[in-house]
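Here's the letter readout for the chains.
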Amino acid sequence: MSASTILVLIGLRLSGKSTLGPIAARQLGIEFVDLDDAVLTHLGATNVTDAFKLLGEHAWRAGESAELARLLGAKKSCVLSLGGGTPMASGAEQILRQAQARGEIFIALLDPGESELAMRLANNRGDRPPLPSSVLTGDARADAATEVRALFESRMPLYRALANVIVDTKQSQNACVEKLVSAFQ
């Protein structure tokens with residue numbers, strides 16, 4: 001295994017982090033940790049949508065940064081899946097860059113591309129709050145394309161700058177996991 005002990009998965013929602021992360025962790029023989037679950041526990045909430053509604057985005061983002069610092073500080077080998085907006089949370093980029101500079105983490109960006117992500121989002125809203133800037137037209141595909149375009153413009157430059165490797169998650173699960181595992185090792 002590489003000097004890095006934590007494989008950090010970043011990417012927009014529905015990019016494949018929660019699907020590919022556990023598979024990669026099993027192949028690597030290490031634990032899978034979902035940051036969203038840790039933040040929910042930290043905030044005493046049951047799901048992300050309710051946490052956003054009841055506590056607000058600021059509290060959620062603060063929880064993300066606190067839990068990210070705690071998990072990385074533990075220096076326990078794992079595959080750590082970050083929430084779609086975690087790198088944008090106040091202090092999170094600095095936490096990630098410092099751990100990366102120390103060689104403690106290896107960051108993989110999961111990116112299915114804008115059109116694929118819009119299709120996935122239109123078909124599966126899931127347990128995630130809509131972006132405040134989303135313009136709801138009643139057309140799920142148009143709304144998803146608008147949301148994804150906004151996310152790509154606002155988040156992907158930072159995500160690409162943080163990534164040690166970028167995995168195209170339009171590929172098969174096996175191909176994606178193979179690339180994650182080999183890049184990490």
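These numbers were taken from a predicted model, which means no experiment stands behind them.

A. Expanded view of the overall build of the protein chain. Of regular secondary structure, the protein chain possesses 8 helices and 5 strands. Reading the helices (α) and strands (β) of the protein chain from amino to carboxyl end gives β-α-β-α-α-α-β-α-β-α-α-β-α.

B. Highlighting the packing of aromatic side chains. Following the criterion strictly, the structure yields 2 aromatic pairs and no others. Ring centres 6.1 Å apart and planes at 45° place the aromatic pair Phe52 and Trp60 in the tilted group. The exposure classification of Phe52 matches that of Trp60, with both residues buried.

C. Geometry of the pattern of salt bridges. This structure, assessed with the given rule, holds 10 salt bridges. In this structure, Glu93 engages Arg97 in a salt bridge whose closest nitrogen and oxygen atoms are separated by 2.8 Å. Note that Glu93 and Arg97 are positioned in helix α5 (residues 92-101) at a spacing of 4 residues, about one turn of the helix. What makes Glu93 partly exposed here is its relative accessible area of 30%. Using a relative accessible area of 34% as the deciding quantity, one classes Arg97 as partly exposed. When salt bridges with common partners are traced through the structure, they connect Glu57, Arg61 and Glu64 into a single cluster.

D. Spotlight on helix α4 (residues 57-74). Between the first and last C-alpha of α4 there are 26 Å, a value that for 18 residues agrees with the 26 Å anticipated at 1.5 Å per step. For α4, the set of buried residues is Trp60, Arg61, Gly63, Glu64, Ser65, Glu67, Leu68, Leu71 and Leu72. Lys75, located one to two residues past α4, shows a positive phi value of around 55°.

E. A look at the environment of Tyr159. Among the structural elements, Tyr159 can be located in helix α7 (residues 140-162). For the pair Tyr159 and Leu12, spaced 147 residues apart in the sequence, the C-alpha separation amounts to 9.1 Å. Aside from chain neighbours lying at most four places away, what touches Tyr159 is Ile10, Gly11, Leu12, Gly84, Gly85, Thr86, Pro87, Met88 and Leu109.

F. Representation of the sheet that holds strand β1 (residues 6-10) within the structure. Here we have 5 strands laid out as an open sheet, ordered β2-β3-β1-β4-β5, and parallel in their pairing. Single-partner strands in this sheet number two, and they are β2 (31-34) and β5 (165-168). Within the sheet, the average angular offset between the axes of one strand and its neighbour, ignoring direction, is 25°. Examined bridge by bridge, β1 and strand β4 (residues 105-111) share 5 bridges and lie parallel to one another. Along β4, the bridge assignment pairs Ile10 with Leu109. Across the sheet, helix α1 (residues 17-28) lies against β1, β2, β3 (78-81) and β4, angled at about 155° from β2, the strand it touches most.

G. Molecular detail of the pairing of β1. When you tally the buried positions in β1, you get 5 out of 5 residues, the bulk of the element. Sheet topology places β1 next to β3; 4 bridges connect them, and they run parallel. Within the sheet, the bridge partner assigned to Val8 lies in β3 and is Leu80.

How each quantity is defined
Residues numbered from 1 in each chain as written. Predicted model: local features only at pLDDT ≥ 70, side-chain atom pairs only at ≥ 80, totals over all residues. Heavy atoms only, no water. Helix = DSSP H or I, 4+ residues; strand = E, 2+ residues; numbered from the N terminus. Phe/Tyr/Trp six-rings, centres within 6.5 Å; stacked < 30°, edge-to-face > 60°. Buried < 20%, exposed > 50% of the residue type's maximum accessible area, 1.4 Å probe, protein only. Salt bridge = Lys/Arg side-chain N within 4 Å of Asp/Glu carboxyl O. Expected span 1.5 Å × (residues − 1). Contact = heavy atoms within 4.5 Å. Pairing = 2+ DSSP bridges. Axes fitted to C-alpha atoms, helices over the stretch in contact; angles between N-to-C directions.

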